[in-house]
Amino acid sequence: METAAPSQRWGLTLTVPGVALRDHAELVRRAEAAGYTDLWTGETNGPDGFTPLALAAGWTETMRLGTGVVGVFTRGPALLAQTVASLASAAPGRFVLGLGSSSNVIVERWNGIPFDEPYKRTRDTLRFLRAALAGEKVSHKYDTFAVDGFRLALPAVGAVPVLVAALREGMLRLAGREGDGAIINWLSADDVAKVAPIVHRAAEAASSVARAATSGAPKEIVARIFVAPSTDREAVHRAARFMIAAYLNVPVYAAFHEWLGRGPALTPMWEA
């Protein structure tokens, strides 16, 4: 992953397919020595988003550790707050939470949880975490869940930045208005020029009315970029075709690329 603002950073996505978690130590140390600044995890059907970072916290000294991303449906709000606070304690000042709605495939088909109102669920979880990670006792009825009397026994060490995984305008505006920035995925460099300004405009609008939820700091844009270090063009294309079919047929990503203007190019695949 690369972070373009407020300063340019370079990271790697963990984990490496086919490599056991315990065998990542040397790779992580080499990445830090080579100048990589961040380590990011995803959460689909491989390792969870937090365990690799907990291990990396003990293998590194300076690298920032981030979830890119964990979903808001598959953990309860209190458990999510506990896990985030634990990572923040394991790597003080080095942990950033990437939070998103995930997809109907992961939430409904794999976990048996209704994928209802993903925007509101993400917004509500973000608001809850802001309060809980600050050590507040939370008793509040949100639109998509309610919390009654929860307080972290070990609040987060320092402020934990929260980035919102965003595809289209609603989530992008939420990332700018109430988050510390956005995590964007499956788009081209040219697409970033369309997407990033939405985040920054939302941040400016929120700042102009002095919303308490925003810090006033520049919003960060984290872009996940796929790199294939290979001279075997056909092997790369074969892998790319598989990944495109796996991702861009998922409704949330299909809608995203239709919004980006790729409907005519992708319609034959969707119909097939």
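The present account deals with the structure reproduced in this document. Note on numbering: residues in each chain are counted from 1, in written sequence order. Totals for whole chains, interfaces and linings use all residues, but because this is a predicted model, local features are given only for residues with pLDDT of at least 70 and pairs of side-chain atoms are given and counted only at 80 or more. Derived side-chain values reflect all non-hydrogen atoms in the structure, with water molecules and hydrogen atoms excluded from consideration.

**Some points on a nonpolar patch on the surface**
In step 1: A grouping of Val16, Val19 and Leu27 is seen on the molecular surface, where their side chains present a nonpolar patch of about 180 Å² in accessible area.
In step 2: Note that Val19 resides in the loop between strand 2 (9-14) and helix 1 (25-34). Like charges within 9 Å and nonpolar side chains (Val, Leu, Ile, Met, Phe, Trp, Tyr) within 5 Å are joined into patches, using only residues over 30% in relative accessible area that form no salt bridge. Under the convention used here, a 1.4 Å probe and the Shrake-Rupley method define accessible areas, while residue burial counts only the protein chains that appear. Here, a salt bridge means any side-chain nitrogen of Lys or Arg that lies within 4 Å of a carboxyl oxygen of Asp or Glu. Segments assigned H or I by DSSP are reported as helices when at least four residues long, segments assigned E as strands when at least two residues long, and all are numbered from the N terminus.

**A few points about empty space enclosed by the protein**
In step 1: Computed over the protein atoms alone on a 1 Å grid, cavities are sets of points where a 1.4 Å probe fits but cannot get out and pockets are open sets with protein on both sides within 12 Å along at least five of seven lines; a residue lines them when it has an atom within 4 Å of a point. Grid points are joined across faces, edges and corners, and a volume is the space filled by probe spheres set on the points. In the structure shown here, the tally under the stated rule is one cavity of 30 Å³ or more.
In step 2: Its volume calculated, the largest cavity comes out at about 30 Å³.
In step 3: If you go around the largest cavity, the residues you meet are Leu14, Thr15, Leu21, His24, Pro52, Leu55 and Trp59.
In step 4: Broken down by element, the lining of the largest cavity gets its largest block of residues, three residues, from helix 2 (residues 51-59).
In step 5: Taken together, the residues that form the lining of the largest cavity break down as five nonpolar, two polar and no charged. For this classification, Asp, Glu, Lys and Arg are treated as charged, while Ala, Val, Leu, Ile, Met, Phe, Trp, Tyr, Cys and Pro are nonpolar and the rest, including Gly, are polar.

**Some thoughts on the packing of helix 8 (residues 233-248) against helix 10 (residues 263-271)**
In step 1: Structural elements are reduced to axes, namely lines fitted to C-alpha atoms, with helices fitted over the stretch in contact, and the angle between N-to-C directions of any two is expressed from 0 to 180 degrees. In the contact formed by helix 8 and helix 10, the axes pass within 11 Å of each other and the chain directions differ by 85°. Relative to helix 10, the element helix 8 is oriented roughly perpendicular. In this structure, helix 8 contributes Ile244, Ala245 and Leu248 to the contact, and helix 10 contributes Leu266, Met269 and Trp270.
In step 2: Split by residue class, the contact of helix 8 with helix 10 holds six nonpolar, no polar and no charged. Orientation categories follow fixed angle ranges, with anything under 35 degrees roughly parallel, anything over 145 roughly antiparallel, 65 to 115 roughly perpendicular, and all other angles oblique. The contact definition used throughout considers only heavy atoms, calling two residues in contact when any of these lie within 4.5 Å.

**Digging into the pattern of salt bridges**
Side chains bearing opposite charge may pair, as long as their charged atoms lie close to each other.
In step 1: One pass over the full model with this rule turns up 14 salt bridges.
In step 2: Between Lys120 and Glu117 there is a salt bridge whose closest N-O contact spans 3.4 Å.
In step 3: Categorising residues by exposure relies on relative accessible area from a 1.4 Å probe, with only protein chains included: less than 20% of the type maximum marks a residue as buried, more than 50% marks it as exposed, and the intermediate range marks it as partly exposed. Classification of Glu117 by relative accessible area gives partly exposed; the value is 43%.
In step 4: Each of the salt bridges in this network shares a partner with another, and the network as a whole consists of Arg9, Asp38, Arg64 and Glu220.

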